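Topology and contacts: notes
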Amino acid sequence: MSCFGSDPNFCTECGNVLPLPGVEDTVRCPRCSFAIPVSEFSGREIRSTVVFNLVNRSTVVLEASGDSDMKGPVIDRRCSRCNKEGMIYHTRQMRSADEGQTVFFICIHCRYQEKEDS
């Protein structure tokens with residue numbers, strides 16, 4: 001008797017999402033290795049949806065100025081100079097490889113640059 005009574009896309013033993021049936025005779029759960037015969041998936045339709053974020057919501061590109069530092073993802077960080085929300089960030093390895101990266105933040109409003117060592 002199985003522990004989970006659920007949708008056939010989930011393992012009935014541990015509840016993990018099952019991989020899609022392939023060429024083998026069984027579908028094996030990647031978490032607990034429970035095997036389900038492929039015949040149990042016969043006649044079932046599997047659908048999935050992928051939703052992409054709009055580029056202009058997550059990235060600001062100011063190509064008119066030609067400033068390569070003003071490209072990148074925008075985060076909700078308040079500028080310490082103009083006190084407005086919205087900064088672009090990028091990381092660079094400034095020190096040895098066993099130390100953290102340095103994160104550079106640039107305000108999209110006043111172009112003030114801050115850095116943070118991690």
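Residues numbered from 1 in each chain as written. Predicted model: local features only at pLDDT ≥ 70, side-chain atom pairs only at ≥ 80, totals over all residues. Heavy atoms only, no water.

1. Side note on the environment of glutamine 101
Locating glutamine 101 in the fold gives a position in the loop between strand E5 (85-92) and strand E6 (102-107). C-alpha of glutamine 101 to C-alpha of aspartate 117: the two residues are 16 residues apart in sequence and 6.5 Å apart in space. Within polar-contact distance, the side chain of glutamine 101 engages the side chain of threonine 91 at 3.1 Å. (Helix = DSSP H or I, 4+ residues; strand = E, 2+ residues; numbered from the N terminus. Polar contact = N/O pair within 3.5 Å; in protein donor to acceptor, adjacent residues only side chain to side chain.)

2. Digging into the pattern of salt bridges
If charged atoms from side chains of opposite charge come close, those side chains can pair. Taken as a whole, this structure holds three salt bridges when the rule is applied. A salt bridge links arginine 77 to glutamate 116, with the nearest nitrogen and oxygen atoms 3.3 Å apart. Separated by 39 residues along the polypeptide, arginine 77 in strand E4 (residues 71-78) and glutamate 116 in strand E7 (residues 113-117) bring together distant segments of the chain. By relative accessible area, glutamate 116 is classed as partly exposed at 37%. Across the salt bridge formed by arginine 78 and glutamate 85, the nearest N and O atoms sit 3.2 Å from each other. By relative accessible area, which is 43% here, arginine 78 ends up partly exposed. (Salt bridge = Lys/Arg side-chain N within 4 Å of Asp/Glu carboxyl O. Buried < 20%, exposed > 50% of the residue type's maximum accessible area, 1.4 Å probe, protein only.)

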